[in-house]
Amino acid sequence: MDKKIYLTFDMDWACDELMDFLYNLLEKHDARATVNITNEFRSMEKYRKNSKFVLGIHPNFNRIIDGMGGAERKETVLNQCKEIIPDAIVARSHSLFSSSPLTKLLYDNGIRYELNCFIEPHEGICVYPWFFQEVLQVPFFYEDDLYLLGNSKRTPQFYLSENIKMYKVFNFHPIHLFLNSESLERYERIRENYHDFAILKENRNTDSYGILDFFEELIGFAQKEGYQFDTITEIKGRK
């Protein structure tokens, strides 16, 4: 585990303006990143052409899980994502849904990295990625919405501690970064209008420490400590 950080982002149907915001944020910090896509968007080609970014997929199987009438088969959901990013080899399911049949389906459709395992970190933990059905399972230990749900808000320094022996995989959502969410309540207030950029701008948090503040602090501390940013596809598992 070299001194590397793996920034991942789940698009979650963010509007064009939020994806532009994310692109500019990453470029400002010259950061390599893995961005998991849910749908086409205005600047997608710009992301594709940027060698610092890897585009994965973020399929939503929730309608199937919830037993909703008319729900697509899992193969249909996955195919819709692969039509957008045909060369994707990274996947994280919406709501972190996973199963052995799904992992096999991911493998059969070219996915080689699965990011569906969130592990709460603690001092002394030691977890390496593992192969399951030929797909490398890469655990991650930070997700912004789960961070907001937690009672104790840990610092970036905590996650980069040498006593936490995990690959430093972080997951953010464009909307929480843009809003600088300090609680999920802020997101819930605009949830029905998440594609109205004017409303999003009116509801940004500027008064208290939020997700964008955490992100900026993480970047600054990591650069000071000599960390490098890399993409998930650079992680090599052991069979």
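The structure we're discussing is the one just above.
Conventions we followed
Residues numbered from 1 in each chain as written. Predicted model: local features only at pLDDT ≥ 70, side-chain atom pairs only at ≥ 80, totals over all residues. Heavy atoms only, no water. Salt bridge = Lys/Arg side-chain N within 4 Å of Asp/Glu carboxyl O. Helix = DSSP H or I, 4+ residues; strand = E, 2+ residues; numbered from the N terminus. Buried < 20%, exposed > 50% of the residue type's maximum accessible area, 1.4 Å probe, protein only. Pairing = 2+ DSSP bridges. Right-handed = clockwise from strand over helix to strand, strands pointing away. Expected span 1.5 Å × (residues − 1). Contact = heavy atoms within 4.5 Å. Core = buried A, V, L, I, M, F, W, Y, C linked by side-chain atoms within 4.5 Å.

> Talk me through the pattern of salt bridges; I want residue IDs and the actual numbers.
For the coordinates displayed, the defined rule picks out 14 salt bridges. Residue D230 is joined to R32 by a salt bridge in which the shortest nitrogen-to-oxygen separation is 3.2 Å. With D230 in strand 10 (residues 228-230) and R32 in the loop between helix 1 (16-28) and strand 2 (33-37), this residue pair connects regions lying 198 residues apart in the sequence. On the accessibility criterion, D230 (8% relative accessible area) is buried. E75 serves as the salt-bridge partner of R73, at 3.3 Å between the closest nitrogen and oxygen.

> Report on the pairing of strand 3 (residues 53-57), specifying residues and quantitative values.
The element strand 3 is largely enclosed, with a buried count of five among its five residues. Of the two faces of strand 3, both are covered, the one formed by F53, L55 and I57 as well as the one formed by V54 and G56. Here five bridges tie strand 2 to strand 3, and the two strands are oriented parallel to one another. In the sheet register, A33 faces strand 3, and the bridge partner there is F53. At this point the chain moves from strand 2, through helix 2 (residues 44-49), to the parallel strand 3, and the crossover so formed is right-handed.

> How would you sum up the pairing of strand 1 (residues 4-10)? Please name residues and give values.
Most of strand 1 sits out of view: six of its seven residues are buried. Pairing analysis gives three bridges linking strand 1 to strand 10, with the strands arranged parallel. Considered in strand 10, the bridge of Y6 is made with D230. In this sheet, strand 9 (residues 168-172) lies alongside strand 1 in parallel orientation, the contact comprising five bridges. Directly across from L7, in strand 9, lies its bridge partner F170. With three bridges joining them, strand 1 and strand 2 adopt parallel strand pairing. For D10, the partnering residue across the bridge sits in strand 2 and is N36. Taking the sense of rotation as the criterion, the β-α-β connection linking strand 1, helix 1 and strand 2 turns out right-handed.

> Which residues make up helix 1, and what values go with them?
The end-to-end C-alpha distance of helix 1 is 18 Å, a good match for the 18 Å that 13 residues give at a rise of 1.5 Å each. For helix 1, the full list of buried residues reads L18, M19, D20, F21, L22, Y23, L25 and L26. Looking one or two places after helix 1, you find D30, whose phi comes out positive at around 50°.

> Outline unusual backbone geometry, listing residues and values.
Positive phi outside glycine occurs at W13, with the angle close to 60°. Following the sequence through the fold, W13 ends up in the loop between strand 1 and helix 1. For W13, a relative accessible area of 26% gives the class partly exposed.

> How would you explain the environment of F140 if you had to name every residue and give the values?
Its place among the elements puts F140 in the loop between strand 7 (135-137) and strand 8 (142-143). Overall, F140 belongs to the buried group, its relative accessible area being 0%. For the pair F140 and P129, spaced 11 residues apart in sequence, the C-alpha separation works out to 9.6 Å. Among all residues touching F140, those that are not within four sequence positions of it are R92, L96, L115, N116, C117, F118, I119, M166, V169 and N171.

> Could you give me a rundown of the nonpolar core, with the residues and numbers involved?
If you look at the biggest cluster of nonpolar residues, it comprises 65 residues, and the most contacted ones within it are L7, F9, F170, F172 and L177. The contacts of F9, once residues within four sequence positions are left out, are L22, L26, A33, T34, V35, N36, N171, F172, L177 and F215. Judged by nonpolar contacts, the second largest core, of 12 residues, contains L136, F140, Y167 and I235.

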